[in-house]
Amino acid sequence: SQIENTEKIGFSKEEIKASFLKKLFYNLGRVPQVATENDLYKALALTVRDRAFRQFVRSTAEFAQKDARAVAYLSAEYLPGPHLGKNLLNLEITDETREALKELDLDLDEILREEVEPGLGNGGLGRLASCYMDSMATLGVPAIGYGIRYEFGIFNQNIKNGWQSEETDLWLHYGNPWEVVRPEIAYEIKFGGRTEHWVDENDKYQVEWIPDSELKGTAYDTPILGYQSNGIIMRLWKAEAIESFDFSVYNVGDYYKAVEKKMRSENLTKVLYPNDENLSGKELRLKQQYFFVSCSLQDIIRLQLMQGRKLEDLHKKFTIQLNDTHPSIAVAELMRLLVDEHQMEWVDAWNITKNTFAYTNHTLLPEALERWSVGLLGRLLPRHLEIIYEINNRFLNELKERNYNGEQMARMSLIDESGETSVRMAHLATVGSYKVNGVSALHSGLLKKQVLNDFADLWPEKFTNVTNGVDHRRFLGVSNPRLSELISKKIGKHWLTDLMQLHQLEKFSDDKTFQKKWMEIKLQNKKELAAHMEERTGISVDPKMLFDVHVKRIHEYKRQHLKVLHILSLYKRLKNGDDKNIVPTAFIFGGKAAPGYFMAKLIIKLINSVGDLVNNDEQVKDRLKVVFLPNFNVKQAQVVYPAADLSEQISLAGKEASGTGNMKFALNGALTVGTLDGANVEIREEVGDENFFLFGQSTEEVQKTRAEGYRPYKYYEQNEELREVLDLLISGELSDGDKELFRPLYNNLLQQDPYQLLKDYQSYIDKQEEIHKVWSKPGEWAKKSILNVANIGKFSSDRSIKDYCTTIWKIDPVRVED
Ligand code: 26M
């Protein structure tokens, strides 16, 4: 009722226009005549934010009133993408806003382009978290997304002379209209020091942690709207100094030292680590993880107690989802809070803890499994190390009682004693959670059979699968308005809340006029992308070409260099006058390399070098084009996916946990060329074998190949074209005569080839020939494209979130209707 009494905010064109002008005038001190693009963007953002907060407040009140069970999603990364366009769609005011602006002689699309996106993640894992936020909001799942407010997000990528260079991401430079700081929601965080143990006057065992430094985390809230009605918040923590601590106790009179300490505290949330699928083992990274976990858990406990509920019931009111092991120190931290700070018995605390957490694993790559050295962990978090040892002792005793032998126990221990003694965070997360899930059927299966097989044998009911999904409202609704409109005209708008409705498109897949409209839209989208690419790279591409797209983080396991070998094989053939079955193709790449990952950076250089060769060769430049689109992020992704004809999903089978780009491409009508890896398997099942270009070894075959002693050189010897293509790498032709530049790649492929490119090469080339043949028959291609979209419904993140609700969280969504 308090909510109902607050001034209603209108959604009509007139009301939006009035609000916008008011914001521009009173918040920014501008009239339209002198406003900068950024002023206009901000005024519109604030106009929309008012409406967004209303939704959020209403949902929160509804959740509180129903005393609903809630999810706390803990993720070190989020990649929300631009908020403005998405919020307009969710509020269903895109058209009204466009009209309102038009009356002021302003263009909505231009204003949308002004937004700098929050790049608070590396790639798939961070983007997944944001897709899930949207779906939780839309479905009415009471939820808070907790994370870190990095001052500098993922670096901006520049290409200089073909090489990647990194530039600081200053996303907060112009201010962030979407967030609200909550200075009164702040928690103290301790680091270092020692612990004291004693028995108190009531015979109770007590532990005190005496830290050697403290800082605080302050909450910054961003509303995440659901479609049509609900809204939830993403609560990000910023590190700050504790004034009183620094100024009064330790640094009396030493003002500069105190300021220095302040700066050191704020360093903690300065920058996102740009590694993915590889460990840095850096102290600051562990500090970030503990910092955001402790703030979040203290906040959850506050919320629990605030509503008059008992701490003993924490697991009944909250479930805490761990997005990979990055927040897994939470298991030890919750134990510390319950036992040390809230005086709970260990056994009771453990019972709550292991019924509160659920853990999502996102990788099988051994180099990506988090470990923290006991030395570092003990220095930074002495009490947590003790707690981890205690959890481990009790766990190993349980195994002993079940007659496990020493070897098994060493394998399963939370502590790895083999090399430098370290804590296995995946084991901590698994032992401390009531559910563990992988992110695709294949990946969850491998998790049970391989990486966590001992745990799956011990607790089979703990393990489950939730196949990833994507926010189709963003990746179709916002980013592909033409296709959205065509679909809505045919089947209505219901697909926005139920992607399975796309099945209704199936009956039009043979309809020639529909096919024509479908491909006409694709062509329009390709024109837009071509213009965008020309502006960014100077390379012009004919929109009629086949757009063959490989965008994702650069990684050897993702095999961008296999794509390069294919391009080089086509180049060779064309130079030899052999052009049968080669259709004019634009090869489009995008993706960032971790700054310290040499091979990945060399692959970027290779792509650009191949581009220089091919794009400037009179004989082939109208047949092949190679473009590396710099700084691939959510904003650019929204231009790329709608324009793709062919989606490259060519990782070595068994390596890509799920992939989510694969889903976004197919959702926009691209056909996939892919291996049986991650969610590709399920996409193929859904869209049908005949509408998916499969190649390469299966996971089992990959493992067999390795077990039998893989010798890549054999393929080099036996396959003449492959040999020529590989030799081109070290011929100097790609590198101004420098024969050494690409030698590391060449040697790696011939000597180890850990991702078995050479073994899968021929199968890939053959499949590409087939693809070019199908492309030559526009009707056939259009039909496959329509059928891909018609059968992609399963991969909405709405479905994923419903799966989490039923199989893991046991939550009934509470949708608030307006
Ligand atoms: C770890 C330690 C220190 C610094 C950074 C990290 C780190 C950050 C991100 C490690 C991994 C990170 O992301 C991994 C990731 O994005 N995995 C992808 O997750 C997607 C969503 O489930 C899957 O679809 C992809 O297959 C998987 O590669």
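Basis of the calculations
- Residues numbered from 1 in each chain as written.
- Predicted model: local features only at pLDDT ≥ 70, side-chain atom pairs only at ≥ 80, totals over all residues.
- Axes fitted to C-alpha atoms, helices over the stretch in contact; angles between N-to-C directions.
- Helix = DSSP H or I, 4+ residues; strand = E, 2+ residues; numbered from the N terminus.
- Parallel < 35°, antiparallel > 145°, perpendicular 65-115°, else oblique.
- Left-handed = near helix turned anticlockwise from the far one by under 90°.
- Contact = placed C-beta atoms within 7 Å.
- Nonpolar A, V, L, I, M, F, W, Y, C, P; charged D, E, K, R; others polar.
- Buried ≥ 20, exposed ≤ 12 C-beta atoms within 10 Å, placed from the backbone.
- Near = placed C-beta within 6 Å.
- Domains from an automatic or database assignment.
- Pairing = 2+ DSSP bridges.

A. Broad picture of the packing of helix H10 (residues 283–306) against helix H12 (residues 330–341). Contact pair H10 / H12: the axes reach a minimum separation of 10 Å and the direction vectors enclose 45 degrees. Classified by the angle between their axes, H10 and H12 sit oblique to one another. At the point where H10 passes H12, the crossing takes the right-handed sense. Residues Val293, Ser294, Leu297 and Ile301 of H10 touch H12, and the partners they reach there are Ala330, Glu333, Leu334 and Leu337. Looking at the contact of H10 with H12, its residues break down into 6 nonpolar, 1 polar and 1 charged.

B. Main features of the environment of Lys66. For Lys66, the location among the structural elements is in helix H3 (residues 37–66). Classification of Lys66 by C-beta neighbours within 10 Å gives partly exposed; the count is 13. For the pair Lys66 and Gly162, spaced 96 residues apart in the sequence, the C-alpha separation amounts to 57 Å.

C. The site of the ligand, seen in detail. As a structural note, the neighbourhood of the ligand is formed by 24 residues, with Gly124, Leu125, Asp276, Ala657 and Ser658 the closest of them. Per-element accounting of the shell around the ligand gives the leading share, 3 residues, to helix H7 (residues 124–139). Each residue belonging to the shell around the ligand can be placed in one class, and the counts come to 7 nonpolar, 12 polar and 5 charged. Formed jointly, the shell around the ligand draws a minimum of three residues from each of two domains, domain 2 (70–80 + 118–467 + 802–809) and domain 3 (506–793).

D. Inspection of the domain arrangement of the protein chain at higher detail. Domain boundaries in the protein chain define domain 1 (1–66 + 83–116), domain 2 (70–80 + 118–467 + 802–809) and domain 3 (506–793). Each of domain 1 and domain 3 was reduced to a C-alpha centroid, and the two centroids are 40 Å apart.

E. Representation of the sheet that holds strand S14 (residues 422–424). Read from one edge of the open sheet, 3 strands run S12-S14-S13, paired in antiparallel fashion. Because the sheet does not close on itself, it has two edges, and the strands there are strand S12 (371–373) and strand S13 (415–416). For S13 and S14, the ladder comprises 2 bridges, and the chain directions are antiparallel. Counted as the bridge partner of Asp416 is Ser422 from S14.

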